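Residue-level listing of the chains:
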Amino acid sequence: MSLISIVVPVFNEEGLIEWSHDRLKETMDKTGEDYELIFVNDGSRDNSPELLRGICARDPRSKLISFSRNFGHQCAISAGMAESRGDAVVVIDADLQDPPEVIPVMIEKWREGYDVVYGKRGKRKGETAFKLLTAKVFYRVLDSLTTVDIPVDTGDFRLLSRQVCDVMNSLPEHNRYIRGLVSWVGFRQAAVEYVREERTVGETKYTLKKMLRLAGDGIASFSYKPLAFATGLGIFTLFMSCVYLLVTLMLHLTGVWTAVNALYYIGGFVLAALGLVMLMLGIIGQYLSRVLDEARGRPYYIVAERVGFDD
Ligand code: UDP
Ligand code: MG
């Protein structure tokens, strides 16, 4: 019998956390494996921490890590992985949009010798058209930008062997894009396809801002192409400006345009070029801010409370 760690990030999930615990417990009891449920409270401002403490008091297999504030989903997963002791570690969202019934299938694959078994979303039920479209486009854009083969349409629902989990824990990155890092570390990986369910209680905790941040981390962590794009755009703009100047000059010399006309159009061109320069500065800023995070070396989460751990 092996020990399986289940890591569950929680942010303001008071409406579903009890149900979520019951369902995870039921599924894991059925497998006959030894297991631990590690709930990571990512600075919830609702009643989730109290409910989780109650769960830990009732169920000796449940453990709780509470952050001092909201650090984000990826940090919560990282903390759970760092505290896990299992021979295999499964990460699953608290809202159970990823059905826990898939976990036994993942364990089976792991027993066959795979180090990473990731859930691949077939259908996604109950998501807004906006989320479906942006997710679809983002995964494909990221895929075209990176040399690392990050499987499209996978979230963070996956099983990691102890060895892979240890490697992940040793990575010092601050702005973590976990699904990318897991692909990057390599090892034997397999997919399990599943239908992503609708969220039954509450609403998504991934605001547009958090989603954009995650997308930025994904791109900045695994691709330098946006930076190379700046060089290409620079050359292109330089070329276009030469053509533009020549054409304007000719139109002016042949008397088609007056001097005022010419200035007018050159002005427009300068404004457009300025916009492009600003855009490129913004892109460089995105990379630079992440370099600063690494240089400062602040911890990427702070634990305020631990419940149910032996030490
Ligand atoms: N979550 C978190 N910190 C955050 C945002 C979300 O720990 O800042 C948790 C949340 O409680 C849930 C999981 O991460 O267990 C995924 O969030 P959600 O279901 O809202 O995202 P979606 O499924 O809509 O992408
Ligand atoms: Mg969800």
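In the block above lies the structure referred to throughout.
Each value, and the rule that gives it
Residues numbered from 1 in each chain as written. Chains lettered and ligands numbered in written order. Predicted model: local features only at pLDDT ≥ 70, side-chain atom pairs only at ≥ 80, totals over all residues. Heavy atoms only, no water. Core = buried A, V, L, I, M, F, W, Y, C linked by side-chain atoms within 4.5 Å. Buried < 20%, exposed > 50% of the residue type's maximum accessible area, 1.4 Å probe, protein only. Helix = DSSP H or I, 4+ residues; strand = E, 2+ residues; numbered from the N terminus. Contact = heavy atoms within 4.5 Å. Expected span 1.5 Å × (residues − 1). Arc of directions from axis to C-beta. Donors = N, O, S within 2.8 Å, 3.2 Å for Na, K, Ca; no water. Near = heavy atom within 4 Å. Polar contact = N/O pair within 3.5 Å; in protein donor to acceptor, adjacent residues only side chain to side chain. Nonpolar A, V, L, I, M, F, W, Y, C, P; charged D, E, K, R; others polar. Pairing = 2+ DSSP bridges. Axes fitted to C-alpha atoms, helices over the stretch in contact; angles between N-to-C directions. Salt bridge = Lys/Arg side-chain N within 4 Å of Asp/Glu carboxyl O. 1 Å grid on protein atoms, 1.4 Å probe; cavity = no way out; pocket = protein on both sides within 12 Å on 5 of 7 lines; lining within 4 Å. Points joined across faces, edges and corners; volume = space filled by probe spheres on them.

Participant: Even after reading the chapter, I still don't get the nonpolar core, so can you show me in this structure?
Facilitator: In globular proteins that are soluble, nonpolar side chains generally tend to be buried together. With 38 residues, the main nonpolar core has Val40, Phe67, Met81, Leu160, Met168, Tyr177 and Tyr301 as its most contacted residues. Among the elements that line this core, the one with the most residues is helix α3 (residues 73–83), at five residues. Beyond its immediate stretch of four places on either side in the chain, Leu160 contacts Met81, Asp87, Ala88, Val89, Asp115, Val116, Cys165, Met168 and Val182. With 30 residues, the next largest nonpolar core counts Leu52, Ile55, Ile107 and Val192 among its residues.

Participant: Looking at this structure, I do not really get helix α5 (residues 129–145). What am I missing?
Facilitator: Owing to its 3.6 residues per turn, the α-helix aligns residues three or four sequence positions apart on the same side. Taking 1.5 Å per residue, 17 residues should reach 24 Å; α5 reaches 24 Å between its end C-alpha atoms and fits that length. Three or more residues of α5 are buried, namely Lys131, Ala135, Phe138, Tyr139, Leu142 and Leu145. Considered in projection along α5, the buried side chains sweep an arc of 130° and stay on one side of the axis. Across α5 from its buried face, at more than 90 degrees, point the exposed residues Ala129 and Leu133.

Participant: What am I meant to see in the coordination of the magnesium ion (ligand 2) here?
Facilitator: Metal coordination angles have textbook ideals: 109.5 degrees for a tetrahedral set of four donors and 90 or 180 degrees for an octahedral set of six. Here the magnesium ion (ligand 2) is held by Asp95 (OD) and Gln97 (OE1), and the distances to it run 1.9 Å. Gln97 matches Asp95 in its accessibility class, with the two residues each being buried.

Participant: Is there a simple way to explain unusual backbone geometry in this structure?
Facilitator: Phi angles above zero are rare outside glycine, and Asp153 is one such case at about 60°. Within the secondary structure layout, Asp153 lies in the loop between α5 and β6 (154–161). Of note, the phi angle at Phe187 is positive, near 70°, even though the residue is not glycine. Take Phe187: it is sitting in the loop between α7 (178–185) and β7 (189–196).

Participant: In this structure, what is going on with the environment of Trp257? I would like to understand it.
Facilitator: Structurally, the position occupied by Trp257 is in the loop between α9 (225–253) and α10 (259–296). Between the C-alpha atom of Trp257 and that of Gly155, which follows or precedes it by 102 residues, the distance is 58 Å. Excluding its chain neighbours within four sequence positions, the residues that come into contact with Trp257 are Thr248, Leu251, His252, Ala262 and Tyr265.

Participant: Hey, could you run me through the site of ligand 1 in this one?
Facilitator: Contacts to ligand 1 come from 19 residues, most closely from Asp42, Asp95, Arg196, Thr204 and Lys205. In this structure, Asp42 approaches ligand 1 through a side-chain N or O atom, which is 2.6 Å from a nitrogen atom. The side chain of Arg199 places a nitrogen or oxygen atom 2.9 Å from an oxygen atom of ligand 1. A per-class count over the shell around ligand 1 returns five nonpolar, five polar and nine charged.

Participant: I tried to follow the sheet that holds β6 on my own but got confused; where do I start?
Facilitator: Backbone-to-backbone hydrogen bonds join strands into a sheet, with any given pair of strands oriented parallel or antiparallel. The strand order across the open sheet formed by eight strands is β7-β5-β6-β4-β1-β2-β3-β8, and the pairing between neighbours is mixed. Across the chains shown, the open sheet's two edge strands, defined by having one partner strand only, are β7 and β8 (303–307). Here the average twist between neighbouring strands, direction ignored, is 20°. Of the strand pairs in this sheet, strand β5 (residues 116–124) and β6 are connected by four bridges, and their pairing is antiparallel. Bridge assignment links Lys120 to a residue of β6, and that residue is Thr154. Each of β1 (3–10), β2 (34–41) and β3 (62–67) touches helix α1 (residues 17–31); the most contacted strand, β2, lies at about 160° to it. Relative to β3, helix α2 (residues 48–58) is tilted by about 155°, and along the sheet it contacts β1, β2, β3 and β8.

Participant: For this particular structure, what's the right way to read the pattern of salt bridges?
Facilitator: If the charged atoms of two oppositely charged side chains come close together, the side chains can form a pair. Taken as a whole and judged by the stated rule, the model has 19 salt bridges. The salt bridge partner of Arg199 is Asp95, with a shortest N-O separation of 3.2 Å. Within this pair, whereas Arg199 is found in the loop between β7 and α8 (208–222), its partner Asp95 is found in the loop between β4 (88–91) and α4 (103–111), the two being separated by 104 residues in sequence. The class for Arg199 is buried, based on a relative accessible area of 17%. A residue is classified by how much of its surface remains accessible, and Asp95, at 5% relative accessible area, is buried.

Participant: Looking at this structure, I do not really get empty space enclosed by the protein. What am I missing?
Facilitator: Unfilled space is identified by rolling a water-sized probe across the atoms. Evaluation of the coordinates by the stated rule reveals one cavity of 30 Å³ or more. Considered as a void within the structure, the largest cavity measures approximately 30 Å³ in volume. Looking at the largest cavity, the residues that line it are Ile77, Met81, Val91, Asp156, Arg158, Leu160, Ile178 and Val182. Residue assignment for the lining of the largest cavity shows that the elements contributing at least two residues are α3, β6 and α7. Looking at the lining of the largest cavity, the element that brings in the most residues is β6, giving three residues. Split by residue class, the lining of the largest cavity holds six nonpolar, no polar and two charged.

This is a description of form; function is not addressed.
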